[in-house]
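Listed below, chain by chain, are the residues.
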Amino acid sequence: DADSVLIGSIDQGTGSSRFLVFSSSTGALITYHQEEVDIIYPRNGWAEANPDQLVQSVLSCISSAVSNLAALGIAANRIGCIGIANQRETLVAWDRRTGEPVHPAILWLDARTEQTVERLIATTRSRSAAEFRSICGLPITTYFTGVKIRWLLDNVPAARELQSSGNLMMGTVDTWLLYKLTGEYATDVTNASRTMLLDLATCQWDPRLCRFFGLDQKMLPKVCSSAELFGRISVADCPLAGVPITGILGDQQAALVGQGCLESGDTKNTYGSGCFMLCNTGLSPVVSSSGLLTTVAYQLGRSAAPVYALEGSVAVAGTAIRWLRDSLGIVGSVAETETLAGKVPDTAGCYFVPAFNGLYCPYWRSDARGLIVGLTGATSREHLCRAALEAVCYQSRELLDCMETECGTTLNRIKVDGGMTSNRLLMQLQADLAGVTVVRPEMAETTALGAAVAAAWGHGIDMTASVRQSSVTEFYPMTGPVDRLRKFQRWLDAVQRSIGWHRQEDDGEGDAGGSSAGSLGSAGHLAFAVFLVGSAALLALSLSVK
């Protein structure tokens, strides 16, 4: 392996950027570097990022990872190519003439477009959010990039002016990174399939959808496969200048590839800022009747046929744990959540629905908001931490139920990945609350590995054998079906109470333009993030005496 080509992998997520280096012959992780990026909450329901910080954090990670290689006695010129895995649906728009952003990045979980969604649905023939599912596989919701673009053009004069002059460039985070790193303007089919602008049958921008959203199709980036030459790094002071970028996958599709889910029926669940369950459906797109999304899983090369997937998406998973740390301050670190939750045998009847910006699959209700129910004077921070972990598991169980309905089969085992899977208690809770065997690979970096596999393929190297995991840890259900069903029904009761809670007047300024700086710990964020249904005073009292 001493002479094998190394593959670099950019993993740009909601909360962090990373650069990882893999062996092309074994798939082994050689080194990596990670930096957190800021999530900005300027108003209730809004979520943004600084586009320049995303780029600079990636470049910083590359430099640090190359320094790590040098410390290992490995030359940087052994890196033959680079792949990108990125947070999807997030919108970045910039000026063609200057390369400068015209607005903060609008994150995938942002819910400012509620009124935009209502107006768009009202103009469809069916008056239904499902109007275009047969074309793009997606409902009209706040989640997808096309709706965010429409909001941007309606509310940001600079964007409208650039569109009129033909100088507006825009895309998802992969397009932004590719442009700033190489000067090329392109995206891959997996990211394009999350915009509501792609025809799943042709894997090209659809003129009907572009007209519906009022977009000039010529402004959009070129749609490419997931594995081909996208460009070469042209940033002068980057230690990998000249290295080609030969693979791009949306992060959840990258995790599917990295988990080795390359056969129809293979399913994985990623636990990150949100939860994302994908099931490989093969060479034909399957339109869901259960609230799941139809998406492109990957296309390994221009001449290869695209492979499709069904996806269930949950907006808030790891974000809820960060909220406990950064907004409530009841844990000092994310890792402490596992320790505290493990000190109590259950939640003492407490349920936490973290619908901070609405609910995604299977509800698709942007008017839902977060709540905590079942509070008593005995509720402690330990119970609240456990309730937050259980919320992740209940939401994943709902996705699993939908997958079983669509696939017509029982899924007894599920592959898992993502940062939260290092939490052993969470994995056991998932097995207990869903009644399935949870299979966690020892190779935790499946998202980055998937991007590396795509990049290697685009560079003429087949790494697919390296993603067929041989070393795993399995978690088996330890609870009975009666208790499992009882708890799940109570969770569903709590979810129903969260639906319809939000009203437009709660925002004060509604679905208007503009932005201001904020942070995860801001008072404004705390106000919108959760409605402590029940006795909030009792919760505060109980925490203060712990």
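Scroll up to find the structure.
Cut-offs used in this document
- Residues numbered from 1 in each chain as written.
- Predicted model: local features only at pLDDT ≥ 70, side-chain atom pairs only at ≥ 80, totals over all residues.
- Heavy atoms only, no water.
- Pairing = 2+ DSSP bridges.
- Helix = DSSP H or I, 4+ residues; strand = E, 2+ residues; numbered from the N terminus.
- Axes fitted to C-alpha atoms, helices over the stretch in contact; angles between N-to-C directions.
- Contact = heavy atoms within 4.5 Å.
- Buried < 20%, exposed > 50% of the residue type's maximum accessible area, 1.4 Å probe, protein only.
- Polar contact = N/O pair within 3.5 Å; in protein donor to acceptor, adjacent residues only side chain to side chain.
- Phe/Tyr/Trp six-rings, centres within 6.5 Å; stacked < 30°, edge-to-face > 60°.
- Lys NZ or Arg CZ within 6 Å of the ring centre and 35° of its normal.
- Arc of directions from axis to C-beta.
- Parallel < 35°, antiparallel > 145°, perpendicular 65-115°, else oblique.
- Nonpolar A, V, L, I, M, F, W, Y, C, P; charged D, E, K, R; others polar.
- Salt bridge = Lys/Arg side-chain N within 4 Å of Asp/Glu carboxyl O.

A. Structural context of the sheet that holds strand β15 (residues 267–271). As summarised here, the arrangement of the 7 strands in space is β17-β18-β16-β15-β21-β22-β23, forming an open sheet in which the pairing is mixed. Of all the strands in the sheet, just β17 (293–298) and β23 (472–475) have a single pairing partner and so form its edges. Strand-to-strand twist in this sheet, taken as the mean axis angle between neighbours without regard to direction, amounts to 30 degrees. Strand direction decides the pairing type here: strand β16 (residues 275–282) and strand β18 (residues 307–314), joined by 7 bridges, are antiparallel. The partner of Cys 275 across the bridge, within β18, is Val 314. Sheet contacts for helix α12 (residues 381–407): β15, β16, β18 and β21 (413–417); angle to β16, the most-contacted strand, approximately 15 degrees.

B. Spotlight on the side chain of Thr 31. Position of Thr 31 among the secondary structure elements: in strand β3 (residues 29–36). The buried category is assigned to Thr 31, whose relative accessible area is 10%. A polar atom in the side chain of Thr 31 sits 3.2 Å from the side chain of Asn 68. For Thr 31, the contacting residues outside a window of four places in its chain are Phe 19, Leu 20, Val 21, Ala 65, Asn 68, Leu 69 and Leu 72.

C. The sheet that holds strand β13 (residues 227–232), seen in detail. In space, the 6 strands of this open sheet follow the order β3-β2-β1-β5-β14-β13, with mixed pairing throughout. The strands lining the two open edges of the sheet, one partner per strand, are β3 and β13. Strand-to-strand, the axes of this sheet are offset by a mean angle of 25 degrees, without reference to chain direction. Judged from the 7 bridges that link them, strand β2 (residues 16–23) and β3 form a sheet pairing that is antiparallel. Bridged to Phe 22 within β3 is Leu 29. Running at roughly 145 degrees to β3, helix α1 (residues 51–71) makes contact with β1 (6–12), β2, β3 and β5 (79–86) of the sheet. Most of the contacts of helix α9 (residues 251–258) go to strand β14 (residues 244–250), to which it runs at about 100 degrees, and overall it touches β5 and β14.

D. Structural detail: the packing of aromatic side chains. Tallied over the entire structure, the rule returns 20 aromatic pairs. Here the aromatic rings of Phe 144 and Trp 364 are separated by 6.3 Å at their centres, their planes lie at 40 degrees, and the arrangement is tilted. Here Phe 144 is found in the loop between α3 (133–136) and α4 (145–155), whereas its partner Trp 364 is found in the loop between β19 (351–353) and β20 (371–373), with 220 residues between them in sequence. Consider the rings of Tyr 394 and Trp 491, whose centres lie 5.2 Å apart with planes at 20 degrees: the pair is stacked. Placement of the pair is Tyr 394 in helix α12 and Trp 491 in helix α15 (residues 481–498), with a sequence separation of 97 residues. You'll find Tyr 394 and Trp 491 in the same group, each marked buried. Across from the ring centre of Trp 46, 3.7 Å away, lies the NZ or CZ of Arg 112, which sits over that ring. We note Arg 397 situated over the ring of Phe 488; from NZ or CZ to the ring centre the distance is 4.0 Å.

E. Region of interest: unusual backbone geometry. A cis geometry characterises the amide bond from Cys 361 onward to Pro 362, with omega recorded as 0 degrees. You will see that Arg 127, though not glycine, has its phi angle at about 50 degrees, which is positive. For Arg 127, the position within the fold is in the loop between α2 (114–122) and α3. The class for Arg 127 is exposed, based on a relative accessible area of 55%. The phi dihedral of Trp 364 is positive, around 55 degrees, even though this residue is not glycine.

F. Looking closely at α2. For α2, the complete set of buried residues consists of Glu 114, Thr 116, Val 117, Leu 120 and Ile 121. Taken end-on, α2 shows its buried residues confined to a sector of 160 degrees, consistent with a single buried face. Turning to α2, the residues buried within the fold contact α4 and α8 (207–212).

G. Inspection of the packing of α4 against helix α5 (residues 157–165) at higher detail. For the pair α4 and α5, interaxial distance at closest approach is 5 Å and the crossing angle is 100 degrees. In terms of orientation, α4 and α5 fall into the roughly perpendicular class. In contact with Leu 152, Leu 153, Asp 154 and Asn 155 of α4, α5 contributes Pro 157, Ala 159, Arg 160 and Gln 163. Grouping the amino acids of the contact of α4 with α5 by side-chain chemistry returns 4 nonpolar, 2 polar and 2 charged.

H. Representation of the pattern of salt bridges within the structure. Tallied over the entire structure, the rule returns 25 salt bridges. Among the salt bridges present, the one from Glu 131 reaches Arg 125, with a minimum N-O distance of 3.6 Å. Residue Glu 131 is classed as buried on the basis of its relative accessible area, which comes to 17%. By relative accessible area, which is 78% here, Arg 125 ends up exposed. The shortest N-O distance in the salt bridge between Asp 199 and Arg 208 comes to 3.7 Å.

I. Region of interest: the side chain of Thr 145. Relative to the helices and strands, Thr 145 is located in helix α4. What makes Thr 145 buried here is its relative accessible area of 2%. There is a polar contact of 3.0 Å between the side chain of Thr 145 and the backbone oxygen of Glu 89. Once residues within four sequence positions are removed from consideration, Thr 145 is found in contact with Glu 89, Leu 91, Thr 172, Arg 194 and Thr 195.

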